[in-house]
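Examination of the molecular architecture
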Amino acid sequence: MSFDSGFDASGHWFRWGTTLDGVARALDIVPEASSPVIGIGCESVFGLEALHLDISAPARDRPVTSLCFQLAPAADAIAASPDPWRTRLDNLLGPPLSVDEEPQRAGHPGAVVFYARWPAGNIEVGLSIYGALRACAGGQAAGCVWISWSVVEAAVPYLAEWQARCNALSEAAPAAADILVYRLGWELPARFRSETDGVSGDPHGIATNVLYAPRILRTPPPVSNLVGSHGVALWRTSDRHSWALSTGTETVSFGIGETVEIAFNDIQPAKGAGCYEISVAGWSIRDCHGSNAIRRILADLAAVPGVMIRTSEGYDC
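In short, a report on the structure. (Residues numbered from 1 in each chain as written. Predicted model: local features only at pLDDT ≥ 70, side-chain atom pairs only at ≥ 80, totals over all residues. Heavy atoms only, no water.)

1. As for the overall build of the protein
- Counting secondary structure elements, the protein contains six helices and 19 strands.
- For the protein, the spread of C-alpha atoms along the three principal axes comes to 70 × 45 × 35 Å.
- Looking at the protein as a whole, 44% of its 317 residues are labelled buried.
- Across the protein, contacts joining residues at least 24 apart in sequence account for 56% of those joining residues at least 6 apart. (Helix = DSSP H or I, 4+ residues; strand = E, 2+ residues; numbered from the N terminus. Buried < 20%, exposed > 50% of the residue type's maximum accessible area, 1.4 Å probe, protein only. Contact = heavy atoms within 4.5 Å.)

2. Details of the sheet that holds strand 19 (residues 307–315)
- With respect to topology, four strands assemble into an open sheet ordered 18-17-16-19, the strand pairing being mixed. Each edge of the sheet is formed by a strand with only one pairing partner; in this case those strands are strand 18 (283–288) and strand 19. In this sheet, neighbouring strand axes are inclined to one another by 15° on average, regardless of whether the strands run parallel or antiparallel.
- Summarising the sheet, strand 16 (residues 260–268) and strand 17 (residues 275–280) pair through five bridges and their orientation is antiparallel. Looking at the pairing, alanine 263 lines up with serine 279 of strand 17.
- Helix-sheet contacts for helix 6 (residues 292–302) involve strand 16, strand 17, strand 18 and strand 19, and the interaxial angle to strand 17 is about 35°. (Pairing = 2+ DSSP bridges. Axes fitted to C-alpha atoms, helices over the stretch in contact; angles between N-to-C directions.)

3. Considering the pattern of salt bridges
- Enumeration according to the criterion identifies eight salt bridges in this entry.
- A salt bridge links arginine 117 to glutamate 124, with the nearest nitrogen and oxygen atoms 2.9 Å apart.
- Judged by relative accessible area, which is 24%, arginine 117 ranks as partly exposed.
- Close ionic contact of arginine 215 with glutamate 258 constitutes a salt bridge, the shortest N to O distance being 3.4 Å. Here glutamate 258 lies in the loop between strand 15 (250–255) and strand 16 and arginine 215 lies in the loop between helix 4 (203–212) and strand 12 (217–218), a separation of 43 residues in the sequence.
- Residue arginine 215 is classed as partly exposed on the basis of its relative accessible area of 37%. (Salt bridge = Lys/Arg side-chain N within 4 Å of Asp/Glu carboxyl O.)

What follows is the structure, given as structure tokens:
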């Protein structure tokens, strides 16, 4: 079985680049609402007996990027030993690129005692062996073989549209006087490199974003220059049609009056120090628990037409 150009599922051949919805239609499956995974029965992978296959994508309308084959137990295998499966993959793919072993976790079905991966062109093959038999949709699995397709290749059809939205947002950036800036105590991680790097500056990071969080765009330079690594900005576009939230590198924007649910997570101190977190459409920021800056952001967001703030509480355990 070769996965160089695609994969087989229930007797249907799918080229890499087929969306999860496309696979579901071909297999006459109705996925669970908003679920990016389809599960089907299967018999084998690389000649190894299998029980079940999960087909996954970043979203229903994005290409399949991952296949996970649950492996049937080998009748002559020692519990938690990878030997029957690793030997087969070594023979087909050569020595693995990396191997991690934690034999002390044997006996626990939720644990992985062996993990190895093999690069194979535009895909990567992985083998995980569980600490004990693990229940799956097809029965009791000893481990799994997973196949991952390159996210950089998967994102290619979507990059131009994403970059066009980044450019349009930059063109609509307002003057500095029209931007509210808040300073956080914590430094914020940078999803992208600088605007001047272009799409080629961080191909894996850009591709992952385009597939998993396409609403997140690059922060326009006039805004990025104001907020830096510790700042957050709330602003309206110069045409007054949209509003946006930005860190120094990433931005989400919404139409004025559009219904937008903002999640505010109050993670209270326990074993850890706790934090305040705001998230929307894959974009998020964190600051120390009790942060005055986060409180001001929430107050200003509450005044934006269409915004609803959903609060949840937990403990930093």
